[in-house]
Amino acid sequence: MSQDSQAPLGERLIFAMGGGGFTMEPNNPLLDDFVLSLARAGRFGDASNASVSRSGMPRVLFLPTASGDTTSQINAFKARFTDRTCVPEHLSLFRLRESTRTLQETVLAQDIVYVGGGSMRNLLAIWQAHGLDSLLVEAWKRGIVLAGLSAGAMCWFEAGITRSSGPPEPIAGLGLLEGSLTVHADGEPERLPVWLAGVRDGTLQGGWAVDDGVGLLFRGRQLERVVGSRPGAGAERADAIEGELVRHRLTPELLHGNLHGGLTGDDDAVAELRQVHMLRRGIRSGRG
């Protein structure tokens, strides 16, 4: 695909996780392995794709903007992706003077852009200040896979529920995907009633609530798959019809595999869930 061409809508992928991945499930790589598989199933492998690296592996760019480009998130990304079949790098907007390329050159050279969690309000403000919001829209149009968790998931929708200022409240996103998204539905349940109230009164468009460990895969603007990294986690769709909420529970497809030490047993999944809750009681990697 040439650098100036656009991918058909049906070839554009966005993977939005309620929580999970390398910052929340350090011993469970299933969601991150799924993210990598999207490059292999999509743009990667096309001989005309100028973004594929010289090593023949897909490029993965991590954006830790929402966390303030914290070292802990960057190190967790490196720990997860350095030994995988990809070329990982991160982009710190707080340290741009260390970069030798323009933002456009960096972003549009990727096969996957992976956005971390943190403050969605700060994320969008900083992206806008650097023009990165427009670049990411362009990346999506060119068929570069967009992925993220928490704030890095809600940012692709028309709106989400943020805790950037403390109490949960609605916030507008980039609008690549129609509707709204709220994250950490099981881990931070205080978000859910705010989201449901917004959908009911029309403040928010109908959309999805997603547990930690669950991801929604959109092809174009249509939901294609719901996947999960552990048993028991789920998602739901809610819409307002004549002033009444209509809610539908979505059961994820449980991911399996033993790639790169991936988990396969229920005991491991339960242990991972306990670790997530322990992390939540300590230092959270992102509040959305």
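Reading the values: the criteria
- The numbering scheme is per chain: residues are counted from 1 as the chain's sequence reads.
- Owing to the predicted nature of the model, reporting of local features is limited to residues with pLDDT of at least 70; listing and counting of side-chain atom pairs is limited to 80 or more, with chain, interface and lining totals taken over all residues.
- Only hydrogens and water are removed before side-chain values are computed, so all heavy atoms of the structure are retained for them.
- To obtain each axis, a line is fitted to C-alpha atoms, and for helices this fit is confined to the stretch in contact; angles are then taken between N-to-C directions over 0 to 180 degrees.
- Helix and strand assignments follow DSSP, with helices taken as H or I runs no shorter than four residues and strands as E runs no shorter than two, numbered in order from the N terminus.
- When an angle is under 35 degrees it counts as roughly parallel; over 145 it counts as roughly antiparallel; between 65 and 115 it counts as roughly perpendicular; any other value is oblique.
- By definition in these notes, contact holds between two residues if any of their heavy atoms fall within 4.5 Å.
- Charged residues are taken to be Asp, Glu, Lys and Arg, nonpolar residues to be Ala, Val, Leu, Ile, Met, Phe, Trp, Tyr, Cys and Pro, and polar residues to be all remaining types, Gly included.
- Following DSSP output, two strands are said to pair if at least two bridges run between them.
- Burial classes follow relative accessibility: with a 1.4 Å probe on protein chains only, a residue under 20% of its type's maximum area counts as buried, one over 50% as exposed, and anything between as partly exposed.
- The charged-residue count follows a simple rule in which Lys and Arg add positive charge and Asp and Glu add negative charge, with His and chain termini not counted at all.
- Between Lys or Arg on one side and Asp or Glu on the other, a salt bridge is scored when a side-chain nitrogen of the former is within 4 Å of a carboxyl oxygen of the latter.

A. Structural detail: the packing of helix α4 (residues 120-130) against helix α5 (residues 132-141). Relative to each other, α4 and α5 sit at 90 degrees, their axes nearing to 5 Å. One way to sum up the angle between α4 and α5 is to call them roughly perpendicular. Along the contact surface, α4 presents Trp127, Gln128 and His130, while α5 presents Leu132, Asp133 and Leu136. Classifying every residue of the contact of α4 with α5 by side-chain character gives three nonpolar, two polar and one charged.

B. Highlighting the sheet that holds strand β3 (residues 87-90). In spatial order, the strands read β3-β2-β4-β5-β1-β10-β11-β14; together these eight strands make up an open sheet with mixed pairing. With partners counted over all chains shown, the strands left at the sheet margins are β3 and β14 (253-254), one partner each. In terms of strand pairing, strand β2 (residues 59-63) meets strand β4 (residues 112-115) through four bridges, oriented parallel. Across the sheet, residue leucine 61 finds its bridge partner in β4, namely valine 113. The strands that helix α2 (residues 71-81) touches are β2, β3 and β4; relative to β3, the one it contacts most, it runs at about 180 degrees.

C. Examining the side chain of serine 92 more closely. Topologically, serine 92 is positioned in the loop between β3 and α3 (103-107). Relative accessible area serves as the criterion here: at 8%, serine 92 is assigned to the buried category.

D. Representation of the side chain of aspartate 133 in the model. You can see aspartate 133 is positioned in helix α5. Notably, aspartate 133 is buried but unbridged: the nearest opposite-charge side chain belongs to lysine 141, and the N-O separation is 12 Å. Those residues within four positions of aspartate 133 in sequence are excluded, and the remaining contacts are Trp127, Gln128 and Leu174.

E. Quick look at the sheet that holds strand β12 (residues 235-241). With mixed pairing, six strands are arranged side by side in an open sheet as β7-β6-β8-β9-β12-β13. Every interior strand has two partners, whereas the edge strands, β7 (169-172) and β13 (244-250), have only one. The mean angle between the axes of side-by-side strands here comes to 25 degrees, regardless of whether they run parallel or antiparallel. Along the sheet face, α4 touches β6 (157-162) and β7 and points at about 15 degrees away from the line of β7. Against the sheet, helix α7 (residues 191-201) engages β6, β7, β8 (177-182), β9 (207-210), β12 and β13, with an angle of about 30 degrees to β12.

Everything listed here is a matter of coordinates, which is why it stays silent on function.
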